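# An overview of the molecular structure
The primary structure of each chain is shown beneath.
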2 protein chains.
Amino acid sequence: MSPTEPKKTDDAPRRYHHGDLRRAILSAALDVIAADGPSALSLRDLARRAGVSHAAPAHHFKDRTGLLTAIAAEGFGLLAAALNEASDLKDAGVRYVRFAREHPAHFQVMFTPELLRGDDLELTTGRALAADALREAVSAVRAEDFGVDSRLAGVAAWSLAHGFATLLLGHNLDGAVGDRDPEEVFRTLATTLFRSV
Amino acid sequence: MSPTEPKKTDDAPRRYHHGDLRRAILSAALDVIAADGPSALSLRDLARRAGVSHAAPAHHFKDRTGLLTAIAAEGFGLLAAALNEASDLKDAGVRYVRFAREHPAHFQVMFTPELLRGDDLELTTGRALAADALREAVSAVRAEDFGVDSRLAGVAAWSLAHGFATLLLGHNLDGAVGDRDPEEVFRTLATTLFRSV
DNA sequence: AGCACAACTTGACACTGACAAGATTGCCCG
DNA sequence: CGGGCAATCTTGTCAGTGTCAAGTTGTGCT
């Protein structure tokens, strides 16, 4: 689309004037988002933190949407990697929740589509990788054990894990979880719900 | 907190210069949010749509956060009303999903805490109303049927419904749901998962 | 060595949220 | 019934932001 864009996104780490500005800005952005959400993100503020001029970030991410899209794409990659190590569906759910807790900024941005460039290549491939990983985990539970549609099992598992993770990050489960380990709470919860499938 | 604020929030409809500016701005805001998310919200744009000056909205909502907080509070009220009519836990879940589809802007704002004034009175009371409604629906399913903790049943049901609704609004289930009625999909899904509790 | 290009800077413009201070309007109460 | 008064809205302003355009600096390659 835009031939002016560098597009050498993640080859080797850059060693230029700044060092690795792209990573520095990504990292600062993740801090800000984790603390105050994507709406608190300011490119100029990120530039200030990195000690560069206010327009420097644009060279790496084109614009605000580009930065958030890069974060989402990275997040889907990380999520796919995490899910690919799951032993079964329940374990995949636990890893999903763990991912959301360990990468809250990624998680939040990944599922806020109006902030993203939906047709971005790295984003769509990352999303596809994560979807494949989920499908793989779901394939372990036999279709006839669950219901008519095998995809329904995937939707159910995804909904449960995603809802739990989302509510957790929004501090909506603080009372119910208490001081227990959220992942353990989710495990027992998933075991109870899925015990018969 | 702020004694300058009018605070006569929702008595009778105002009949002043504009007519009912407060409602007009709320309504326009809901349109914008439903279409492009909360980050696309601009007070000046809302003022323009309502045909008033750029600073008029501030008189009704103090600032951007105030507007979003009012939306969230209204949303929790609507959700509580919907849940209070539920016949059982599964029906509450279906109504939860229906609420999210019918009021996507409310839903989105309600669960984005960093956009809200968390200590706002109307918000906290609205949230408490909705929480009560959920607890009421959960109380129908007996604790020993589910597991040790009865609250766990609430967390499970809430997570499932919230995750399904969130993924649905984000168009993450378009493929799996197809052209079926999402509420029906959720109903079968919840029936399968909760059939034994 | 020098050239092409990536990385960054400087400057500008339109837009936004927020605040202060003034103008207008309907309502209440004497 | 009319005068004050408070709620409603306007005007003006300021700092901050995203984005674009054009210039500058450094780097690796040939």
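Located above this text is the structure these notes cover.
Rules used throughout
Residues numbered from 1 in each chain as written. Chains lettered and ligands numbered in written order. Predicted model: local features only at pLDDT ≥ 70, side-chain atom pairs only at ≥ 80, totals over all residues. Heavy atoms only, no water. Helix = DSSP H or I, 4+ residues; strand = E, 2+ residues; numbered from the N terminus. Contact = heavy atoms within 4.5 Å. Areas by Shrake-Rupley, 256 points an atom, 1.4 Å probe, with all protein chains shown as cover. Buried area = accessible area lost by both parts, 1.4 Å probe. Polar contact = N/O pair within 3.5 Å; in protein donor to acceptor, adjacent residues only side chain to side chain. Nonpolar A, V, L, I, M, F, W, Y, C, P; charged D, E, K, R; others polar. Least-squares fit on C-alpha atoms with pLDDT ≥ 70 in both. Expected span 1.5 Å × (residues − 1). Buried < 20%, exposed > 50% of the residue type's maximum accessible area, 1.4 Å probe, protein only. Phe/Tyr/Trp six-rings, centres within 6.5 Å; stacked < 30°, edge-to-face > 60°. Salt bridge = Lys/Arg side-chain N within 4 Å of Asp/Glu carboxyl O.

A separate point is the overall build of chain A. From N to C terminus, chain A includes 11 helices and 0 strands. Ordered by position in the sequence, the α and β elements of chain A form the string α-α-α-α-α-α-α-α-α-α-α. The contacts in chain A between residues at least 6 apart in sequence include a share of 68% that link residues at least 24 apart. Roughly 9,800 Å² of accessible area belongs to chain A as shown, and the carbon and sulfur atoms make up 52% of that amount.

With that settled, the discussion passes to the interface of chain A and chain B. It is common to give the size of an interface as the accessible area lost on bringing the parts into contact. Taken together, the contact pairs 40 residues of chain A with 40 residues of chain B. Carbon and sulfur atoms make up 65% of the surface buried where chain A meets chain B, a total of about 3,200 Å² over both sides. Linking chain A with chain B are 2 residue pairs in polar contact (both at pLDDT 80 or more), by the criterion used here. Secondary-structure elements contributing two or more residues to the side of chain A that touches chain B are α8 (143-146), α9 (150-169), α10 (174-177) and α11 (182-194) of chain A. The element best represented in the side of chain A that touches chain B is α9 of chain A, accounting for 12 residues. Considered class by class, the residues forming the side of chain A that touches chain B number 19 nonpolar, 13 polar and 8 charged.

Expressed as a screw transformation, the operator carrying chain A onto chain B has a rotation angle of 180 degrees and an axial translation of 0.0 Å, and the superposed copies differ by an RMSD of 0.0 Å. Taken together, the turn and the small shift mark the pair as related by a two-fold rotation axis. When C-alpha distances to the rotation axis are compared across chain A, the minimum falls at G163 of chain A, with a value of 1.7 Å. The fraction of interface residues of chain A whose copies in chain B are also interface residues reaches 100%, indicating that both copies meet through the same surface.

Structurally, the α-helix is built with 3.6 residues per turn, so residues lying three or four positions apart point the same way. Over its 13 residues, α11 of chain A extends 18 Å from the first C-alpha to the last, a length consistent with the 18 Å expected when each residue adds 1.5 Å. All buried positions along α11 of chain A are accounted for by P182, E183, V185, F186, L189, A190, T192, L193 and F194 of chain A.

A few words on the packing of aromatic side chains. The relation between two aromatic rings is expressed through the spacing of the ring centres and the mutual angle of the planes. All names here are of chain A. This structure, assessed with the given rule, holds 8 aromatic pairs over all chains. Geometrically, the ring pair formed by Y96 and F107 is edge-to-face, given 5.9 Å between the ring centres and 85 degrees between the ring planes. Of this pair, Y96 sits in helix α5 (residues 89-102) while F107 sits in helix α6 (residues 104-110), placing them 11 residues apart in sequence. The burial state of Y96 is the same as that of F107; both residues are buried. Seen from their ring centres, F107 and F111 are 5.2 Å apart, and the 55 degrees between their planes marks the pair as tilted.

Moving on: the pattern of salt bridges. Tallied over the entire structure, the rule returns 22 salt bridges over all chains. E184 of chain B serves as the salt-bridge partner of R187 of chain B, at 3.4 Å between the closest nitrogen and oxygen. Placement of the pair is R187 of chain B and E184 of chain B together in helix α11 (residues 182-194), with a separation of 3 residues, close to one helical turn. Residue E184 of chain B is classed as partly exposed on the basis of its relative accessible area of 39%. Connected via shared salt-bridge partners are R98, R101, D181 and E183 of chain A.

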